[in-house]
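What follows is each chain in one-letter form.
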Amino acid sequence: MNNESCGILAHAIKDPKANRIHLVSRWPNEGQGSNSYPAGPYNNASGASGPKTWASLMCSKNAMVIEYVSGEPNAPAAARGPISTTQISNNPPTTRIIVGEAGLRKQIEDHAGTPGTSATSPAR
C-alpha cells in the first residue's frame, strides 16, 4: 500500500517471469467503493494469467484483501509486511491474504467467517 493505492505482484516460485499477475487499485473516492469487509470502503481489481492462476484485490486506505489461486501446490511465499493468510478453498486451492494492522486483520477474518491457518509475516 502507498499513499493513494495498493497492489500485488505474484509470480511462480521457480520462475519469476511465469504466472505473473500485477494488480493495482486506487483507494475509493468519497462515497464510492464497497463495504464488503471492515476497514472499507474498498475498490476491486482482478486478473488472471491463465486458466489456473488468478487473483482478486480489494483495496482500502486501511487494508487489502486478496484472494489468490496460484496454480501451484503451496500457499504464496515471500509476502512482505503485516499479513495474515488463510486457505479458504481446496478446489482450486485458494488463499485469502489480508494486509493491514493486526486488529483490522482480525476484524476482516471474523467478518469473512472462514476459519483456517493464519500466519503473520514481519515487515521487510
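One can find the structure itself at the top, above this paragraph.
In short, a report on the structure. Just so it is clear, the structure is predicted and the values come from calculations on it, not from any experiment. (Residues numbered from 1 in each chain as written. Predicted model: local features only at pLDDT ≥ 70, side-chain atom pairs only at ≥ 80, totals over all residues. Heavy atoms only, no water.)

Turning our eyes to something else, we now look at the sheet that holds strand β6 (residues 83-90). Taken in spatial order, the five strands of this open sheet run β3-β4-β5-β7-β6, and their pairing is antiparallel. In the strand order of this sheet, the two ends are held by β3 (43-50) and β6, each with one partner. Across the sheet, the mean angle separating the axes of adjacent strands is 15° when strand polarity is ignored. Sheet topology places β6 next to strand β7 (residues 93-100); seven bridges connect them, and they run antiparallel. Opposite Thr85, over in β7, you have Ile97 as the bridge partner. Together, β5 (63-69), β6 and β7 form the strand contacts of helix α1 (residues 102-112), whose direction differs from that of β7 by roughly 145°. (Pairing = 2+ DSSP bridges. Helix = DSSP H or I, 4+ residues; strand = E, 2+ residues; numbered from the N terminus. Axes fitted to C-alpha atoms, helices over the stretch in contact; angles between N-to-C directions. Contact = heavy atoms within 4.5 Å.)

This part takes up the nonpolar core. Membership of the largest hydrophobic core comes to 15 residues, with the highest contact counts inside it found for Ile8, Met64, Ile66 and Tyr68. Going through the elements one at a time, β1 (5-10), β2 (21-26), β4 (53-59), β5 and β7 are the ones with two or more residues in this core. Beyond its immediate sequence surroundings of up to four residues, Ile8 is in contact with Ile21, His22, Leu23, Ala55, Leu57, Met64 and Ile66. One finds Tyr37, Tyr42, Met58 and Ala63 within the second-largest nonpolar core, a separate group that totals nine residues. (Core = buried A, V, L, I, M, F, W, Y, C linked by side-chain atoms within 4.5 Å. Buried < 20%, exposed > 50% of the residue type's maximum accessible area, 1.4 Å probe, protein only.)

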